[in-house]
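Single-letter residue listing:
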There are 2 protein chains.
Amino acid sequence: MRFKMQVLKQHICNSGRVIGKDILKVDSFLNHQIDVGLFQEIGKEFKNRFAKEKVTKILTIEASGIGIACITAQYFNNAPVVFAKKFTAKNLNSSVYESKVYSFTKDILYSIRVDKNYLDSGDNVLIVDDFLANGNAVLGLLDIARQAGAQIVGVAIVIEKSFQGGRETVLSQNVRLESLARIKSLDKGKITFVD
Amino acid sequence: MRFKMQVLKQHICNSGRVIGKDILKVDSFLNHQIDVGLFQEIGKEFKNRFAKEKVTKILTIEASGIGIACITAQYFNNAPVVFAKKFTAKNLNSSVYESKVYSFTKDILYSIRVDKNYLDSGDNVLIVDDFLANGNAVLGLLDIARQAGAQIVGVAIVIEKSFQGGRETVLSQNVRLESLARIKSLDKGKITFVD
């Protein structure tokens, strides 16, 4: 079953570009141009991994999480997708759940928000995103799901940069994490996977 | 065939909220929470309307166009989706197509950009977006597709606010436009459709 995800690793090796020691550009299939057929395989694999779980909502964050969340939702009985919106403005709307996220790459603190109408204590939430790096965005989504009183089924990630601490950060929250491709290092322009 | 789109109008009437004379909030199913089953019906209808066309690429703009573009692509033989990215910064990257878009609602001029690797003169492009208001975002996408030398198959919109001029703007470009729900007015809090 997991063997199928070789296709994802092949995409990463064939099309990914390493910049410096930290950045993996995969915008030919993941987050600028989107390979919808690959996303279907990813969605099926997320379903395989969380097959025993009841999922009532897929939670992600704009912008690049939206595509993978929508395709994935199809394999979870068309569970509604909710994407958190990003704001740099300070004005607080009292009808939203809000969390602060620090972006290392941009060195800014931004807010992410979800309208209270779209997440509540009856929900079983699967958090989906394209990348896991330091884990701050996922922490924000977990915070929002908890503010809503929702059950958290787990976190489903396409590509994890395992050398940036996000995995430990998520696991320290006692949340199940499934990453389809785990990257051990990008040193010297070479992509090395965990295992 | 078009009768099915009654389901979209029902969603708009049942869940849409009118704010002032111009704003229709449909974030319960279109652009914050996403009704994936409805998106599938929308994607099928876009396919019906452009059934005779060869589409090699679906072009949209972040963030709220991404979900509808990804689901729609499945009905066009999994054509790759490309979403234009928005920037307020001025730095120009020479390897991108870039167009300027004026946002009436935010009163700012922003750039939208597409990497030149993901659009070229061999492409037949269907432009997809959730909303058509004044048409400026679609004009920017048309500009980018033309810079790439691509053929433009048409523009596929979920909800058109027909009183804001975007329809005329798009048609003046000699481009085919298909909007699934056309709103004539939002006066006095009432949603009135064209026809």
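Structure: see above.
Throughout what follows, the structure given in this document is the object of discussion. Since the model is a prediction, treat every value here as computed from it, not as a measurement. (Residues numbered from 1 in each chain as written. Chains lettered and ligands numbered in written order. Predicted model: local features only at pLDDT ≥ 70, side-chain atom pairs only at ≥ 80, totals over all residues. Heavy atoms only, no water.)

Looking at the side chain of K161 of chain B
Here is step 1 of the chain: For K161 of chain B, the location among the structural elements is in strand β9 (residues 151-161).
Here is step 2 of the chain: Among buried charged residues, K161 of chain B stands out as having no salt bridge; its nearest opposite-charge side chain is D22 of chain B, 6.6 Å away. (Helix = DSSP H or I, 4+ residues; strand = E, 2+ residues; numbered from the N terminus. Buried < 20%, exposed > 50% of the residue type's maximum accessible area, 1.4 Å probe, protein only. Lys, Arg positive; Asp, Glu negative; His and termini not counted. Salt bridge = Lys/Arg side-chain N within 4 Å of Asp/Glu carboxyl O.)

Quick notes on the side chain of S99 of chain B
Residues and elements named next belong to chain B.
Here is step 1 of the chain: By the element assignment, S99 lies in strand β6 (residues 96-103).
Here is step 2 of the chain: Among the polar contacts made by the side chain of S99, one reaches the side chain of D143 at a distance of 2.7 Å.
Here is step 3 of the chain: S99 has contacts with Y110, S111, I112, G140, D143 and I144, leaving out every residue within four places of it along the chain. (Polar contact = N/O pair within 3.5 Å; in protein donor to acceptor, adjacent residues only side chain to side chain. Contact = heavy atoms within 4.5 Å.)

A few points about a nonpolar patch on the surface
Here is step 1 of the chain: On the surface, a nonpolar cluster with roughly 310 Å² of combined accessible area is contributed by Y102, F104 and L109 of chain A.
Here is step 2 of the chain: Residue position: Y102 of chain A is located in strand β6 (residues 96-103). (Patch = residues over 30% accessible without salt bridge, like charges linked within 9 Å, V, L, I, M, F, W, Y side chains within 5 Å. Areas by Shrake-Rupley, 256 points an atom, 1.4 Å probe, with all protein chains shown as cover.)

Description of the environment of C13 of chain A
Residue and element names in this part refer to chain A.
Here is step 1 of the chain: As for its position among the elements, C13 is in helix α1 (residues 6-15).
Here is step 2 of the chain: Sequence separation of C13 and A181 is 168 residues, and the distance between their C-alpha atoms is 11 Å.
Here is step 3 of the chain: Setting aside residues up to four positions removed in sequence, C13 forms contacts with I191 and F193.

Concerning the relation of the copies chain A and chain B
Here is step 1 of the chain: Between chain A and chain B, which share one sequence, the superposing operator has a rotation angle of 180° and an axial displacement of 0.0 Å; the RMSD is 0.0 Å. Taken together, these values place the two copies in the relation of a two-fold axis.
Here is step 2 of the chain: In this assembly the copies share their binding face: 100% of the residues contributing to the interface of chain A also contribute to that of chain B. (Least-squares fit on C-alpha atoms with pLDDT ≥ 70 in both.)

Concerning the interface of chain A and chain B
Here is step 1 of the chain: Each side of the interface is counted separately: chain A has 29 residues, and chain B has 29 residues.
Here is step 2 of the chain: Summed over both sides, the interface of chain A with chain B buries roughly 2500 Å², with 57% coming from carbon and sulfur.
Here is step 3 of the chain: When residues of chain A are sorted by the area they lose upon contact with chain B, H32, Q33 and Y118 of chain A head the list and together hold 27% of the total.
Here is step 4 of the chain: Counting the contacts that link chain A with chain B gives 0 salt bridges.
Here is step 5 of the chain: Along the contact surface separating chain A from chain B lie 17 residue pairs in polar contact (both at pLDDT 80 or more).
Here is step 6 of the chain: Mapped onto the side of chain A that touches chain B, the elements with two or more residues apiece are β3 (33-34), α2 (36-49), α3 (65-73), β5 (81-87) and β7 (108-115) of chain A.
Here is step 7 of the chain: Here the element with the most residues in the side of chain A that touches chain B is α3 of chain A; it accounts for 5 residues. (Buried area = accessible area lost by both parts, 1.4 Å probe.)

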